[in-house]
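Understanding the architecture of this molecule
Residues per chain, in single letters:
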Amino acid sequence: MAERLSRRGFLSSTALAAGGYGLLAGCASESSGPQANNTGNAPKEVFTAPAKKLSGSLSILMWSHFVPRHDKWFDKFLSDWGKKVGVDVRVDHINTVDVPRRAASEIQAGRGHDLIQHIAPFSQYEPSVLDMADVVQEANRRWGKQQELCRVSSYNPNTKKFYAYCPGWTPDPGDYRKSMWQKVGMPNGPASWDDLLRGAAEIKKQTGVPCGIGLSPETDSNMAARALLWSFGGAVQDQNEQVVINSDAAVAAVEYMARLFKEAETPEVFSWTPASNNQALIAGKSSYILNSISAWRSAMGTNRTIGDDIFFVPALRGPKASYAAQHVIQQWIVPKYAGNADAAKEFLLHYTANFASATYFSEMYDLPGWPSLVPQLDGWLDNDPWGAKPANKLSLLKKATSWSANIGYPGPSNPAIGEIFNTNVLPTMFGRAARGQKSPEDAVAEAEDRINAIFKNWRGRGLVGG
């Protein structure tokens with residue numbers, strides 16, 4: 001049996017990144033490097049024989065992880081499983097920004113990888129993928145109830161279908177440079193959106209260093225837009241999947257963002273890629289970003305002084321709420337054309353059973369969708385095995401589910417929500433007002449028109465409620 005572990009996408013990204021961190025796509029992190037001192041013990045991996053005899057080949061398309069240590073582990077992990085079960089395995093890692101285009105191309109062509117992973121909801125592909133309910137039910141039988149955030153990010157209550165399998169997720173805390181915020185009297189960083197505006201504006205006034213909330217058609221700007229919208233009491237849809245974007249709360253959120261841009265940001269945020277806010281934070285060119293822990297992990301290997309100066313805060317408090325969108329939500333889909341769905345599903349159960357290793361080798365980036373599988377998690381967050389200073393820097397993530405929401409909140413991540421996310425409707429809404437191209441009221445009304453059209457299409461297909 002020949003192994004075929006392809007690293008085309010990842011190797012090309014690594015080669016580009018040799019000239020600098022910024023060329024890695026996504027919220028990417030370079031290797032944590034030798035300075036990230038591993039003081040813990042890797043979890044022991046387990047193997048359960050598949051329910052039926054497997055054969056043939058299994059091809060996987062997935063992102064090049066923001067923490068490359070994970071990919072080194074994953075590739076060997078997959079290879080070892082393939083040998084044990086008699087399946088010829090292949091994994092292609094590509095930049096995360098390229099995954100949606102590649103997935104769309106393969107699904108349209110009706111051929112490609114058996115298993116595709118993405119880091120944002122793929123609900124818009126529900127008509128073209130297999131129902132993963134059997135895998136979820138088996139996982140629940142083995143390991144207890146799935147994390148609710150993961151369930152609602154992969155399940156359509158209207159069709160009763162799990163359009164994706166979601167074994168893990170990543171929170172989206174605020175990342176701030178402590179030394180900068182100390183100088184404006186906030187050594188613990190901002191606790192509210194009002195704090196962010198006052199503190200970031202003062203930092204920019206004193207030092208010229210701006211805040212880093214994106215207003216670009218990319219993932220991080222999408223997440224920030226939702227956190228801000230929810231915190232002001234707005235939403236795209238209500239719990240019954242009715243469009244409610246055009247509200248006083250949404251207008252107030254857009255007005256706030258326009259003011260934050262004017263007082264604390266620079267025009268670069270309109271053309272940012274998902275890596276840009278990480279680059280800016282690490283380079284000392286941003287005081288605060290809304291992101292995962294990957295920028296900090298990168299700094300731990302490239303500039304430990306800066307790494308030690310990066311700290312985290314939970315979702316900022318707004319006039320109505322304190323919510324952040326999940327930063328990453330694992331979406332594993334099996335297209336209907338897949339030639340080896342049995343192997344794909346069995347591998348997902350094996351991967352999930354060993355999620356403690358996924359968490360460990362992602363350096364606490366990937367948190368479990370089935371919490372019972374990683375009983376060590378709180379201990380790791382209180383005493384980081386990869387060299388955090390202080391060791392409990394990540395302890396706030398122990399309560400991350402209490403301030404994290406799926407992108408469709410307060411409703412589900414239905415296909416309409418997936419399309420709205422992937423077509424960047426919300427960052428465009430905020431950005432047009434911040435640029436002065438539209439009044440906040442008109443920017444919200446324009447977004448409402450686009451959102452209504454998207455909902456009408458999917459509702460007409462029976463995939464959205466209401």
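All of the points below concern the structure found in this document. (Residues numbered from 1 in each chain as written. Predicted model: local features only at pLDDT ≥ 70, side-chain atom pairs only at ≥ 80, totals over all residues. Heavy atoms only, no water.)

What follows concerns the overall build of the chain. Each helix and strand counted, the chain has 18 helices and 14 strands in total. In the structure as shown, the chain presents an accessible area of about 17000 Å², 50% of it carried by carbon and sulfur atoms. The positive charge centre, built from 48 side chains, and the negative charge centre, built from 45, are 2 Å apart in the chain. (Helix = DSSP H or I, 4+ residues; strand = E, 2+ residues; numbered from the N terminus. Areas by Shrake-Rupley, 256 points an atom, 1.4 Å probe, with all protein chains shown as cover. Lys, Arg positive; Asp, Glu negative; His and termini not counted. Charge placed at Lys NZ, Arg CZ, Asp CG, Glu CD.)

Attention now moves to the sheet that holds strand β12 (residues 331-333). What the four strands build is an open sheet, ordered β2-β1-β3-β12; its pairing is mixed. Only two strands of the sheet have a single partner each, and these edge strands are β2 (88-94) and β12. Strand-to-strand twist in this sheet, taken as the mean axis angle between neighbours without regard to direction, amounts to 15 degrees. Across seven bridges, strand β1 (residues 57-63) lies against β2 in parallel orientation. When the bridges of β2 are listed, Ser-57 appears paired with Asp-88. Relative to the sheet, helix α2 (residues 68-85) contacts β1, β2 and β12, its axis offset from that of β2 by approximately 165 degrees. (Pairing = 2+ DSSP bridges. Axes fitted to C-alpha atoms, helices over the stretch in contact; angles between N-to-C directions. Contact = heavy atoms within 4.5 Å.)

This brings us to the pattern of salt bridges. Per the stated rule, a full pass over the model turns up 20 salt bridges. One salt bridge connects Lys-345 with Asp-134, and the closest N-O pair in it is separated by 3.0 Å. Linking Lys-345 in helix α13 (residues 341-353) with Asp-134 in helix α4 (residues 133-143), this pair joins segments that are 211 residues apart in sequence. Look at Asp-134 and you get partly exposed, because its relative accessible area is 39%. Residues joined in a network through salt bridges with shared partners are Arg-69, Arg-297, Glu-363 and Asp-384. (Salt bridge = Lys/Arg side-chain N within 4 Å of Asp/Glu carboxyl O. Buried < 20%, exposed > 50% of the residue type's maximum accessible area, 1.4 Å probe, protein only.)

The next point concerns the nonpolar core. Ranked by size, the top nonpolar core spans 157 residues in total, and within it Tyr-165 and Leu-196 carry the most contacts. Take this core: its biggest share by element is nine residues, from helix α9 (residues 248-264). (Core = buried A, V, L, I, M, F, W, Y, C linked by side-chain atoms within 4.5 Å.)

One pass over the full model with this rule turns up 29 aromatic pairs. Measuring from ring centre to ring centre gives 5.4 Å for Trp-332 and Tyr-351, while their planes differ by 55 degrees; the resulting arrangement is tilted. With Trp-332 in strand β12 and Tyr-351 in helix α13, this residue pair connects regions lying 19 residues apart in the sequence. Neither residue differs from the other here; Trp-332 and Tyr-351 are each classed as buried. One aromatic cluster in this structure is built from Trp-73, Phe-74, Phe-77, Trp-81, Trp-332, Phe-347, Tyr-351, Phe-355, Tyr-360, Phe-361, Trp-380 and Trp-386. Its guanidinium or amino end placed over the ring of Phe-311, Lys-178 lies 4.8 Å from that ring's centre, counting from NZ or CZ. (Phe/Tyr/Trp six-rings, centres within 6.5 Å; stacked < 30°, edge-to-face > 60°. Lys NZ or Arg CZ within 6 Å of the ring centre and 35° of its normal.)

Closest axis-to-axis distance for the helix α7 (residues 193-207)/α9 pair is 8 Å, and the angle between their directions is 20 degrees. Overall, the two elements α7 and α9 adopt an arrangement that is roughly parallel. When you trace α7 past α9, the crossing you get is left-handed. The segment α7 lies against α9, with Trp-193, Leu-196, Leu-197, Ala-200, Ala-201 and Lys-204 engaging Tyr-256, Arg-259, Leu-260, Lys-262, Glu-263 and Ala-264. Residues belonging to the contact of α7 with α9 are distributed by class as follows: eight nonpolar, no polar and four charged. (Parallel < 35°, antiparallel > 145°, perpendicular 65-115°, else oblique. Left-handed = near helix turned anticlockwise from the far one by under 90°. Nonpolar A, V, L, I, M, F, W, Y, C, P; charged D, E, K, R; others polar.)

Let's shift gears to the packing of helix α8 (residues 219-231) against helix α17 (residues 425-434). At their nearest, the axes of α8 and α17 sit 8 Å apart, and the two run at 75 degrees to each other. With respect to α17, the element α8 is oriented roughly perpendicular. Here Ser-221, Asn-222, Ala-225, Arg-226, Leu-228 and Leu-229 of α8 lie close against α17, whose contacting residues are Leu-426, Pro-427 and Phe-430. Across the contact of α8 with α17, the residue classes tally to six nonpolar, two polar and one charged.

With antiparallel pairing, the three strands of this open sheet are ordered in space as β8-β7-β9. Each end of this open sheet is capped by a strand with a single partner; those strands are β8 (288-290) and β9 (310-313). Geometrically, the sheet is characterised by an average inter-axis angle of 25 degrees between neighbouring strands, direction not taken into account. In terms of strand pairing, strand β7 (residues 174-177) meets β8 through three bridges, oriented antiparallel. Opposite Tyr-176, over in β8, you have Tyr-288 as the bridge partner.

For α13, built from 13 residues, the straight-helix expectation of 18 Å at 1.5 Å per residue is met to within 8% by its first-to-last C-alpha distance of 18 Å. Where burial is concerned, most of α13 is hidden: 12 out of the 13 residues are buried. Taken as a whole, α13 has its buried residues at Ala-341, Ala-343, Ala-344, Lys-345, Glu-346, Phe-347, Leu-348, Leu-349, His-350, Tyr-351, Thr-352 and Ala-353. The elements touched by buried residues of α13 are β1, α2, β3 (115-118), α4, β12 and α14 (355-361). (Expected span 1.5 Å × (residues − 1).)

The residue Ala-42 is located in the loop between α1 (8-17) and β1 in this model. Since its relative accessible area comes to 41%, Ala-42 is described here as partly exposed. Sequence separation of Ala-42 and Asp-378 is 336 residues, and the distance between their C-alpha atoms is 15 Å. Apart from residues lying up to four places away in sequence, Ala-42 is in contact with Tyr-360 and Phe-361.

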